[in-house]
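# Results of the structural survey
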Amino acid sequence: MKSLLSFGCGNMAQAIIEGMYKEKSPLDYFLYTPSNTKAVSLARAVHGTHVDNLSTLPSCDFYMLSCKPQQLGDLAQKIKGKLNPNAVVISILAGTTTETIKKELSIDKVLRVMPNTPSLVGAGVNAFYFSDEVLREERDFLTKLFESFSKVFTFDKESEIDVITGFSGSGPAYIFEFSRVLIEKMISMGIDREVATEMIKWTFYGSSKLQLESSDTSEELRNKVTSKKGVTFEALEVFKNSNFEKMVDTALDAAYNRSVELSK
Ligand SMILES: NC(=O)c1ccc[n+]([C@@H]2O[C@H](COP(=O)([O-])OP(=O)(O)OC[C@H]3O[C@@H](n4cnc5c(N)ncnc54)[C@H](OP(=O)(O)O)[C@@H]3O)[C@@H](O)[C@H]2O)c1
């Protein structure tokens, strides 16, 4: 059986590893965190092994970097030279390039992943970029592994990861912010908070489900809700006149620029 050791067991690692475990992926899990608590509880949840210090490490097929990007330097100092040199390092660190990881850990095989939080409910999007050294069978295994609990999109150029970060990685935050604004507005117009929250949650869920199951484009689906001079039309006219598209465009450029800046 193949084995995976995760350095860090926060929100994202938990979503990914529990996703793998629920789909009965054939893996032995090893979990490490500096404060132990989260590693112990994740190890319990996935019938894995808690690694309580970094002095000696199990020789694994995969090592997953799941700490914050700014914690990589500290971690790398402690684990460099103790990893199986033929392993693939899976990095979920935003804005950290495969070159940086190779240098920090002296390992050539790297899979850079940009995940998103819906992995927590088995509906995540994971963007992949493999360093050249990762073998075909390792790519196939890892793709199948992540596909068991999420949608996987593999990119040939690492620069594309900077592009998609502001979309699939940050995207859930835009949706939640829009959802928050709708809920607050509904409440301000006299609707009970609990009712408003449930109605908006279901509106987002239903719209996503419809979009996934329909062959219509976003524009066609929008038009099916919008009759000329009707209620939706009036609201969308305000979006248009307030330059909604331009505002979103500027926001996504800002996200992209930040992503490029972090990769340097
Ligand atoms: N959240 C998102 O939507 C999202 C999306 C895309 C990518 N990411 C990436 O996912 C990564 C993790 O994010 P998160 O939201 O899961 O963070 P988080 O919940 O704060 O978890 C960070 C984990 O790293 C551990 N850690 C801290 N210092 C460490 C060290 N020196 N060595 C090893 N582990 C260490 C922490 O341990 P303790 O429990 O002991 O503190 C904790 O378990 C980040 O690099 C981020 O860029 C996140």
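Keep in mind that what you see is a predicted model, and the values were worked out from it rather than measured.

### Digging into the overall build of the protein chain
Counting its regular elements, the protein chain contains eleven helices and eight strands. On the principal axes, the C-alpha backbone points of the protein chain span a range of 70 × 35 × 35 Å. Here the protein chain, with 264 residues, has 39% of them falling under the buried criterion. Once local pairs closer than 6 in sequence are excluded, the contacts in the protein chain between residues at least 24 apart make up 62%. Total accessible area computed for the protein chain in this model is approximately 15,600 Å², and 56% of it derives from carbon and sulfur atoms. The averaged location of the 34 negative side-chain charges in the protein chain is 2 Å from the averaged location of its 31 positive side-chain charges.

### Considering the nonpolar core
Residues Met 20, Leu 31, Ile 90 and Phe 146 are the most contacted members of the largest nonpolar core, which totals 29 residues. Going through the elements one at a time, helix 1 (11-22), strand 2 (27-32), helix 2 (37-45), strand 4 (62-65), strand 5 (88-91), strand 6 (110-114), strand 7 (124-130) and helix 5 (136-147) are the ones with two or more residues in this core. Among the elements that line this core, the one with the most residues is helix 1, at five residues. Listed in part, the 23 residues of the second largest apolar core include Leu 54, Leu 72, Ile 107 and Val 110.

### Quick word on the domain arrangement of the protein chain
The domain boundaries assigned to the protein chain delineate domain 1 (2-161) and domain 2 (171-263). Computed from C-alpha coordinates alone, the two centres of domain 1 and domain 2 are separated by 33 Å. Contacts between the two partners involve six residues from domain 1 and, on the opposite side, four residues from domain 2. A buried area of about 380 Å², summed over both sides, lies between domain 1 and domain 2, and 54% of it is on carbon and sulfur atoms. By the criterion of area lost to domain 2, the three top residues of domain 1 are Gly 95, Thr 97 and Thr 117, representing 56% of everything that side buries. Its residues assigned to classes, the side of domain 1 that touches domain 2 shows one nonpolar, four polar and one charged.

Calculation notes
- Residues numbered from 1 in each chain as written.
- Predicted model: local features only at pLDDT ≥ 70, side-chain atom pairs only at ≥ 80, totals over all residues.
- Heavy atoms only, no water.
- Helix = DSSP H or I, 4+ residues; strand = E, 2+ residues; numbered from the N terminus.
- Buried < 20%, exposed > 50% of the residue type's maximum accessible area, 1.4 Å probe, protein only.
- Contact = heavy atoms within 4.5 Å.
- Areas by Shrake-Rupley, 256 points an atom, 1.4 Å probe, with all protein chains shown as cover.
- Lys, Arg positive; Asp, Glu negative; His and termini not counted.
- Charge placed at Lys NZ, Arg CZ, Asp CG, Glu CD.
- Core = buried A, V, L, I, M, F, W, Y, C linked by side-chain atoms within 4.5 Å.
- Domains from an automatic or database assignment.
- Buried area = accessible area lost by both parts, 1.4 Å probe.
- Nonpolar A, V, L, I, M, F, W, Y, C, P; charged D, E, K, R; others polar.

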